[in-house]
Amino acid sequence: MTSNPTSPAPRATLAASPSAIGASAAHRPARETTRRGELVATGLTRRFGSVVAVDSVSLTLKAGEIHGLIGPNGSGKTTFLNLLTGYYKVDEGRIVVDADDLTAAPVQRRPHFGIARTFQKPRLLGSLTVLDNAMLGGWEHARSGFLETALALPRARREDRQQRELAAELLHGVGLGNILTRRANLLDHAEQRFLEIARGLTMRPSFILLDEPAGGLTEHEIEQLARIVVQLRECGIGVLIVEHHTDFVFRICDRVTTLNLGKMIKHGTPDEVRNDPEVIRVYLGA
Ligand code: ADP
Ligand code: MG
């Protein structure tokens, strides 16, 4: 992963206020969007050969809550996100959103349950613009069939325009509003991370899962990220955030779950987790 911890000056592109996020991500009329209340994982287990990457882990993510997921490298955090988002199949356990069981739902169905994500290493389409990349998140809500789209019939044109407007608003919200037409392969690391968040939000999700979103960001960029995440909570979105910047996690999270060797070792408020002897022993250090 690219690292840029010593960059002295904040970039203009990330200096914009993320004030648009609330209006566009959550308060927009919910014509096609079902707001979800709770994502509940119970006893999730995933093995790779003899390695139990995730070992009977349970976690509840509520809408409007920031939930931190921390632990040493290899403790199963990314695998857990991959289970929630359907990238990996669950060996044991259940995943439920409100009354819907999605344990066996394929990856492309997860947005239907209100779940969006970002990746530990950003995954963008480099030859597309920032705006087009962000728009990709919104396909779940499109109703036009392929012929309507191919023939550019009115509904397809209208949906395209709505998606474009929403994506542009969200990009302004995350501070990328002045580079909408830049190709994604020209972005620096922080811009890629913020674009991934905007792309996830164009799904109009109830939950967003962020895998190490502060990785490689400067202090200034981490503050920008914190403001965005707090706004998501205010919009009623549940944020599950995997992160090694523990100061950031303990400052903004409502609850924190700690993993070690695939197992949950402590779950609680930031203070409870920060002061837990086992968490200190295996992760935080004395
Ligand atoms: P973290 O994100 O906490 O650093 P991971 O979830 O990436 O941890 O990895 C947890 C364990 O699962 C590690 O031992 C890792 O090597 C293993 N693992 C993860 N993904 C795979 C995979 N696709 N194939 C084999 N082993 C994997
Ligand atoms: Mg990881």
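Our subject is the structure that appears above.
Residues numbered from 1 in each chain as written. Chains lettered and ligands numbered in written order. Predicted model: local features only at pLDDT ≥ 70, side-chain atom pairs only at ≥ 80, totals over all residues.

J.: When you look at the overall build of the protein chain in this model, what are you seeing that I'm missing?
T.: For the protein chain, the helix and strand inventory stands at ten helices and ten strands. In the protein chain, buried positions account for 43% of the 286 residues. Within the protein chain, contacts between residues separated by at least 24 positions form 74% of all contacts whose residues are at least 6 apart in sequence. (Helix = DSSP H or I, 4+ residues; strand = E, 2+ residues; numbered from the N terminus. Buried ≥ 20, exposed ≤ 12 C-beta atoms within 10 Å, placed from the backbone. Contact = placed C-beta atoms within 7 Å.)

J.: Looking at this structure, how should I read the nonpolar core?
T.: Soluble, globular proteins show a tendency: their nonpolar side chains are buried together. L171, A198 and I241 are the most contacted members of the largest nonpolar core, which totals 66 residues. Top contributing element to this core by residue count: helix α6 (residues 189-201), with six residues. When residues no more than four places from it in sequence are discounted, the contact partners of L171 are V130, L131, A134, L176, G177, L180 and A198. (Core = buried A, V, L, I, M, F, W, Y, C linked by C-beta atoms within 7 Å.)

J.: Could you clarify how one ought to interpret the environment of C235 in this entry?
T.: Topologically, C235 is positioned in the loop between α7 (219-234) and β8 (238-242). For the pair formed by C235 and S206, sequence separation is 29 residues and the distance between their alpha carbons is 9.4 Å.

J.: Looking at this structure, how should I read the site of ligand 1?
T.: Taken together, F48, V51, A53, G71, N73, G74, S75, G76, K77, T78 and T79 make up all the residues around ligand 1. Its residues placed into classes, the shell around ligand 1 shows three nonpolar, seven polar and one charged. (Near = placed C-beta within 6 Å. Nonpolar A, V, L, I, M, F, W, Y, C, P; charged D, E, K, R; others polar.)

J.: Whenever I open this one, the sheet that holds strand β1 (residues 38-48) confuses me. Can you help?
T.: The pairing of strands in a sheet comes from backbone hydrogen bonds and takes either a parallel or an antiparallel form. Taken together, the four strands give an open sheet; going across it, the order is β2-β1-β4-β5, and neighbouring strands pair in antiparallel fashion. Both edges of this open sheet fall to β2 (51-62) and β5 (100-101), since each of them pairs with a single strand only. Relative to β2, β1 runs antiparallel, the two sharing eight bridges. For R46, the partnering residue across the bridge sits in β2 and is V54. (Pairing = 2+ DSSP bridges.)

J.: Quick question: what am I supposed to make of the sheet that holds strand β7 (residues 207-211) here?
T.: Here six strands make up an open sheet; going across it, the order is β6-β7-β8-β3-β9-β10 and the pairing mixed. Here the strands that pair on one side only, and so sit at the sheet edges, are β6 (115-117) and β10 (263-268). The sheet shows a mean angle of 20 degrees between the axes of neighbouring strands, taken without regard to direction. Pairing of strand β3 (residues 66-70) with strand β9 (residues 255-260) involves four bridges; the strand directions are parallel. Considered in β9, the bridge of G68 is made with V256. Helix α10 (residues 277-284) rests against β3, β9 and β10 of the sheet, and its axis sits at about 125 degrees to β10. (Axes fitted to C-alpha atoms, helices over the stretch in contact; angles between N-to-C directions.)

J.: What am I meant to see in the pairing of β10 here?
T.: Each regular strand displays side chains that alternate between the two surfaces of the sheet. Pairing geometry for β9 and β10, over five bridges, is antiparallel. The residue of β10 that forms the bridge with V256 is G268. In textbook terms, the turn of a hairpin is the stretch between consecutive antiparallel strands, and for β9 and β10 this stretch comprises two residues, one of which, L261, has a positive phi near 50 degrees.

J.: Would you mind showing me how to read unusual backbone geometry here?
T.: Apart from glycine, the bulk of residues carry a negative phi angle, and the bulk of peptide bonds sit in the trans form. One non-glycine residue, R204, lies in positive phi territory at about 50 degrees. Even without being a glycine, E212 presents a positive backbone phi close to 50 degrees. Structurally, the position occupied by E212 is in the loop between β7 and α7.

J.: Explain α7 to me, please; I cannot follow it from the model alone.
T.: Spacing of three or four residues puts side chains on the same side of an α-helix, whose turn is 3.6 residues. Between its terminal C-alpha atoms α7 stretches 23 Å, which fits the 22 Å expected from 16 residues at 1.5 Å a residue. When α7 is considered as a whole, its buried residues turn out to be E221, Q224, L225, I228, V229, Q231 and L232. Buried residues of α7 fall within an arc of 160 degrees about the axis and therefore sit on the same side. A positive backbone phi angle near 90 degrees is found at G236, which sits one or two residues after α7. (Expected span 1.5 Å × (residues − 1). Arc of directions from axis to C-beta.)

J.: Explain the environment of V107 here, please?
T.: Residue placement: V107 occurs in the loop between β5 and β6. Setting aside chain neighbours within four positions, we find V107 in contact with T85, G86 and Y87.

J.: Just to check I follow, could you spell out the pairing of β7 for this structure?
T.: Of all five residues that make up β7, five are buried, and the element is covered over most of its length. The alternating pattern of β7 places F207, L209 and D211 and I208 and L210 on opposite faces, both of which are buried. Both β6 and β7 contribute to a ladder of three bridges, which runs parallel. When the bridges of β7 are listed, I115 appears paired with F207. Relative to β8, β7 is paired through five bridges, and the arrangement is parallel. Bridging from a neighbouring strand, F207 pairs with G238 of β8. With respect to chirality, the unit in which β7 leads through α7 into the neighbouring parallel β8 is right-handed. (Right-handed = clockwise from strand over helix to strand, strands pointing away.)

So far we have only geometry, and geometry alone does not tell us how the molecule works.
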